[in-house]
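Listed below, chain by chain, are the residues.
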Amino acid sequence: YLKISKLALAFAIIRSKPPGKSCKEYTEHLAKIVSEQDTSLVSASLWKSKVEALEAEVLRLRQELLLNKICPKFVLESSASEENLLVQESTYPMSFSSQLEDSGCDVSNDYSFDSLGTISDFHQSEPNLHTSKYCLDIVPSLSLCRANKEEPLTAAVQFLQHLLEIRKLSEVGNLQADFTKLEDDSFTICSSVSQLLDGLTVFYNSPKFPVSDILSEAVCVLISLIADTKLSNHVLKKCFKKLDEFQKKLIQIILRSSSINRFQALHAVSHVLVLLGRNNILRNSLISLLLSEVHQFAEQMCQAPQIQDACDITQYENIFYLFMILEQLLQNETEENSISSSQYDGEEKNKFMKNLDQIILHLSDEFPLFSLYLWRVSVLLNSAQIQ
């Protein structure tokens, strides 16, 4: 990258060199101008904005070029494809807009919760997540408010939507596409997925109202992308580290959220994690992360001289979202063998199960619900091992 940058700069200097000056003289002149420029914060911010805008434009051009390489005919007919992609927004309107304008303490009627606190919709739904309808039905519609923050996310969503549309049309024989080109340009796919994940992280860190469609669409595209049998191989291979970091950030958002009206926002984050955990490759890493956080919290409570003094009530409330995500993922392991090719048996499982009985006994008097959930998770882990 550095060599390419130097070469590009050299070409730019040569082409813009005024007559009568050598390349060396013109380079020294440009260096002097740059060194004398104002380095105030305002100027730096302006330059940063210009650089970001140029980088975004370069990525957009790379996206168009990659689509053209994969399927030139699709790019020529992209306007019709974009109209098709917008149909789902009118067909499946956002049903959560009114729900998310209140205090956030009420649970939407679009969900049915069983007595164990898990989301019944996930048990009843099919494991394959190929349609946007599925995503829009179960993912609350939350959004970024400022248009300038939505623009990079929108660009990433549109590019990945086009990839999915090409994949769908090529599968039924309506288009001929060469997806081996993704291997030749891994930078573009990685940058696009990174844009998508960064945009979602920014929002979930500080959700704003009113809602817009782009956030729900971004989640749908992400889930469809990793669920697609061919595209997911490219995406997960190139972007696994970024996806893993994204999962870690979402878990920390759940644990650290302290606003009064946080509950529906945390529901949305939890749903995204459950959907990500349905992927075979991401599931084990996500279960390990969840077990680690729950086990660490339980040990902190046990090691404190006074248990009540060591308990952060906000984090205590938030930890139950991790329990519910864990239960859903482990129940998928035991009940839906078609989803998982291997049962979870990671290092974090052994750490979690070690001395668990003593931890439950120690906490059961003062925190019976927390102890019950610890026991429930251990039963699911053992059930997976037995099967």
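Residues numbered from 1 in each chain as written. Predicted model: local features only at pLDDT ≥ 70, side-chain atom pairs only at ≥ 80, totals over all residues. Heavy atoms only, no water.

1. What about the layout of surface pockets?
Defined as follows: The method works on a 1 Å grid over the protein atoms by themselves. A cavity is a set of points holding a 1.4 Å probe that cannot get out, a pocket is an open set with protein on both sides within 12 Å along at least five of seven lines, and residues with an atom within 4 Å of a point line them. Grid points are joined across faces, edges and corners, and a volume is the space filled by probe spheres set on the points. Only DSSP runs of H or I reaching four residues or more are called helices, and only runs of E reaching two or more are called strands; each is numbered from the N terminus. Think of it as three bins: nonpolar holds Ala, Val, Leu, Ile, Met, Phe, Trp, Tyr, Cys and Pro, charged holds Asp, Glu, Lys and Arg, and polar takes everything else, Gly as well.
Space inside the largest pocket adds up to approximately 840 Å³. Taken together, 23 residues line the largest pocket, and the ones lying closest to its centre are Val51, Glu52, Glu55, Ala56 and Leu59. Where the lining of the largest pocket is concerned, the elements lending two or more residues are α1 (2-16), α3 (41-70), α8 (147-171) and α10 (186-205). With ten residues, the single largest contributor to the lining of the largest pocket is α3. Grouping the constituent residues of the lining of the largest pocket by class yields twelve nonpolar, six polar and five charged.

2. As for the nonpolar core
Cut-off, in case you're wondering: Definition of nonpolar core: a set of buried residues of the types Ala, Val, Leu, Ile, Met, Phe, Trp, Tyr and Cys, connected through side-chain atoms within 4.5 Å. Burial classes follow relative accessibility: with a 1.4 Å probe on protein chains only, a residue under 20% of its type's maximum area counts as buried, one over 50% as exposed, and anything between as partly exposed. Residue contacts are defined here by distance: any two heavy atoms, one from each residue, within 4.5 Å place the two residues in contact.
Within the largest apolar cluster, 85 residues are counted, with the highest numbers of intra-cluster contacts made by Leu163, Tyr204, Phe370 and Leu374. For this core, the element with the highest residue contribution is helix α12 (residues 231-256), accounting for eleven residues. Setting aside anything within four residues of it in sequence, one finds Phe370 in contact with Phe297, Ala298, Met301, Tyr316, Ile319, Phe320, Phe323 and Leu363.

3. Considerations on the confidence of the model for the chain
Note the threshold: Per-residue confidence from the predictor is reported as pLDDT, which spans 0 to 100.
Looking at the chain, pLDDT values average 76 and 71% of them are 70 or higher. Within the model, pLDDT remains below 50 along residues 337-342, and this stretch shows twelve contacts once partners closer than five positions in the same chain are excluded.

4. A short note on unusual backbone geometry
Unlike most non-glycine residues, Asn355 shows phi in positive territory, near 60°. Inspection of the secondary structure puts Asn355 in the loop between α17 (347-353) and α18 (356-363).

5. Regarding the packing of α10 against α12
The following threshold applies: Each axis is a line fitted through C-alpha atoms, taken for helices only over the stretch in contact, and angles between the N-to-C directions span 0 to 180 degrees. For this classification, under 35 degrees means roughly parallel, over 145 means roughly antiparallel, 65 to 115 means roughly perpendicular, and everything else is oblique.
Interhelical geometry of α10 versus α12 gives an angle of 10° and a closest axis separation of 10 Å. Classified by the angle their axes make, α10 and α12 are roughly parallel. Facing Ser186, Ile189, Cys190, Val193, Ser194, Leu197, Asp198, Leu200, Thr201, Tyr204 and Asn205 of α10, the residues of α12 in contact are Val235, Lys238, Cys239, Lys242, Leu243, Phe246, Lys249, Leu250 and Ile253. Partitioning the contact of α10 with α12 into residue classes produces twelve nonpolar, four polar and four charged.

6. Some thoughts on the pattern of salt bridges
Threshold: Only one rule defines a salt bridge in this text: a Lys or Arg side-chain nitrogen within 4 Å of an Asp or Glu carboxyl oxygen.
All chains considered together, the criterion is met by 13 salt bridges. Among the salt bridges present, the one from Asp244 reaches Lys248, with a minimum N-O distance of 3.7 Å. A residue pair is termed a helical-turn pair when its members lie 3 or 4 positions apart in one helix, as Asp244 and Lys248 do in helix α12 at four residues. The shortest N-O distance in the salt bridge between Arg262 and Glu317 comes to 2.4 Å. Of this pair, Arg262 sits in the loop between α12 and α13 (263-277) while Glu317 sits in helix α16 (residues 313-335), and the two are 55 residues apart along the sequence. Given a relative accessible area of 5%, Arg262 falls into the buried group. Residues joined by salt bridges that share partners form a network here, namely Glu57, Arg60 and Glu64.

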